[in-house]
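# Notes for the structure review
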Amino acid sequence: MQVPQFSLADQTAQIKKELDETINQVVTKGSFILGDNVRKLEEEAAAYLGVKYGVGVGNGSDALYLALLACDVGPGDEVITTPFTFFATAGSIVRAGAVPVFVDIDPQTFNIDANLIEGKISEKTRAIMPVHLYGQSADMDPLMKVARKYNLRVVEDTAQAMGSEYNGQKTCSFGDAGCLSFFPTKNLGGFGDGGMAVTSDPDVAEKLRMLRVHGSRKKYYHEVVGTNSRLDELQAAVLVVKMKYLDKWIAARNNLAGKYSDLMKQNGLNGIVKEPVALSSGYHTYNQYTVRVPLRDELQTYLKDCGIGTAIYYPLPLHLQPSFANLGYKQGDLPESERACDEVISLPVFPELKDKQLEYVVKSIRQFYKEKGLA
Ligand SMILES: Cc1ncc(COP(=O)(O)O)c(C=O)c1O
């Protein structure tokens, strides 16, 4: 049996007719840049998340970068964030001219440990960038409390967590701005790159709209230097169709996580495989089903030989990346993030994953640990 870590094949087949129709309409109309579908998606995404404005941009990385600029983060500023995330999180901070300051993670949730933030605040701290990793909200109450106490901006990296909640409120709606990625593997994924920054602050929204078109409000008059980063109209058309199914797909992911958990227990693996901890205050959307395991790399090779795809998000924390060597961090500085990098493995999870496939994954994991004398 083959079990990919992620596949869009069945999902696309199920809604192919609707997708073909909308793509054809865009092609016939011939309005390819910032057209009706981009506007529609901006409105629908903002309403879904409970914010006032959405601004479609080229990808999630640019959403983060432009959101920081729109929140007036720049040279001389420090931005507190997590080192256990995709590179774009801290990359956007550096692109904005600021310095990332890394705070270690809570080992239970893999998200920034909100209790450690205050200790890293300096005169230069301007913003906090939490990441809602794998589909689980960061601990937003203490984080927002410290942000308010020190008058800091908050830009949420919600690339992996569209639809997730914290105390009944959608992630992406807590801070001054929230950022989405529509990369194909995300909860709402397009047929290529795409992203959006959302906000309820009209000033931030206006700046975002300018920044995505080279800092211009009126064509060929440029008030600031921005960039060219717009959500593509064809992508937006695909995403408007997919938005209708988002909650159904998220529920399917959540359901699969429950099945993994049950099957791990039934197979006596719960002492070996540490399953994800979903906070009771949140709604985890399982963009990834990431577990901690012993002998991680050997398990990955074993599963690969069984025809099962897995992924390591992430093998090296950002504070130890060569590109950030100038920041002066060394091994051991952020031990929980470093440990997570050595232990995590993301198992197959996508809404159309079949029960039989999931059972095969768990059985194969059990077989591996049996052969190792651990199960
Ligand atoms: C946590 C996180 N932040 C930012 C991004 C960047 O998004 P994009 O790939 O759309 O630029 C991603 C996506 O890969 C991500 O997972």
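Attention here is on the structure that accompanies the text. (Residues numbered from 1 in each chain as written. Predicted model: local features only at pLDDT ≥ 70, side-chain atom pairs only at ≥ 80, totals over all residues. Heavy atoms only, no water.)

Near the ligand, the surroundings consist of 16 residues, among which Gly60, Ser61, Asp157, Ser181 and Lys186 are the closest. The side chain of Asp157 places a nitrogen or oxygen atom 2.7 Å from a nitrogen atom of the ligand. Contact between the ligand and Gln160: an oxygen atom at 2.9 Å from a side-chain N or O atom of the residue. Relative to its unbound accessible surface of 390 Å², the ligand loses 92% to contact with the protein. Of all the cavities here, the one that holds the ligand is the largest pocket. Contributing elements (two or more residues each) for the shell around the ligand: helix H4 (60-70) and helix H5 (87-95). In terms of residue count, H4 provides more of the shell around the ligand than any other element does, three residues in total. Taken together, the residues of the shell around the ligand break down into six nonpolar, eight polar and two charged. (Near = heavy atom within 4 Å. Polar contact = N/O pair within 3.5 Å; in protein donor to acceptor, adjacent residues only side chain to side chain. Areas by Shrake-Rupley, 256 points an atom, 1.4 Å probe, with all protein chains shown as cover. 1 Å grid on protein atoms, 1.4 Å probe; cavity = no way out; pocket = protein on both sides within 12 Å on 5 of 7 lines; lining within 4 Å. Sits in = over half its atoms within 2 Å of the grid points. Helix = DSSP H or I, 4+ residues; strand = E, 2+ residues; numbered from the N terminus. Nonpolar A, V, L, I, M, F, W, Y, C, P; charged D, E, K, R; others polar.)

Bringing empty space enclosed by the protein into the picture now. Counting across every chain of the model gives two cavities of 30 Å³ or more. Within this model, the largest cavity holds a volume of roughly 70 Å³. As for the largest cavity, its lining consists of Phe6, Leu8, Gln11, Pro184, Lys186, Asn187, Gly189, Lys242, Trp249, Arg253 and Pro351. Looking at the lining of the largest cavity, its residues break down into five nonpolar, three polar and three charged. Of the pockets and cavities examined, the second largest cavity occupies roughly 40 Å³. Every residue along the wall of the second largest cavity is listed here: Gln108, Thr109, Phe110, Leu133, Tyr134, Gln136, Pro276, Val277, His284, Gln288 and Thr290. Taken together, the residues of the lining of the second largest cavity break down into five nonpolar, six polar and no charged. (Points joined across faces, edges and corners; volume = space filled by probe spheres on them.)

Residues Tyr313 and Tyr314 are joined by a peptide bond in cis, for which omega reads 15°. In this structure, Tyr314 sits in the loop between helix H10 (296-305) and helix H11 (335-343). Notably, Phe110 is not glycine yet its phi reads approximately 75°, a positive angle. Along the polypeptide, Phe110 turns up in the loop between strand S3 (99-102) and strand S4 (125-129). By relative accessible area, which is 6% here, Phe110 ends up buried. For Tyr286, which is not a glycine, the phi torsion comes out positive at approximately 45°. (Buried < 20%, exposed > 50% of the residue type's maximum accessible area, 1.4 Å probe, protein only.)

If a probe as big as a water molecule is rolled over the atoms, it shows which places are left empty. Of the pockets and cavities examined, the largest pocket occupies roughly 400 Å³. In terms of lining, the largest pocket is formed by 24 residues, of which the most central are Phe86, Ala159, Ser181, Phe183 and Lys186. Only H4, H5 and strand S8 (177-181) provide two or more residues apiece to the lining of the largest pocket. Residues belonging to the lining of the largest pocket are distributed by class as follows: ten nonpolar, eleven polar and three charged. By volume, the second largest pocket is sized at about 260 Å³. For the second largest pocket, the lining is made up of 13 residues, of which Val213, Ser216, Arg217, Lys219 and Arg230 are closest to its centre.

Moving on to the nonpolar core. Phe84, Tyr260, Leu347, Ile365 and Tyr369 are the most contacted members of the largest nonpolar core, which totals 40 residues. Those elements that place two or more of their residues in this core are helix H9 (246-266), strand S13 (289-292), H10, H11, strand S14 (344-347) and helix H12 (355-371). Sorting elements by how many residues they give to this core places H12 first, with six residues. Once residues within four sequence positions are removed from consideration, Tyr369 is found in contact with Leu269, Ile272, Val273, Val293, Pro294, Leu299, Leu374 and Ala375. In terms of nonpolar packing, the next biggest core, distinct from the first, is built from 25 residues, Ala63, Leu64, Ala70 and Ala88 among them. (Core = buried A, V, L, I, M, F, W, Y, C linked by side-chain atoms within 4.5 Å. Contact = heavy atoms within 4.5 Å.)

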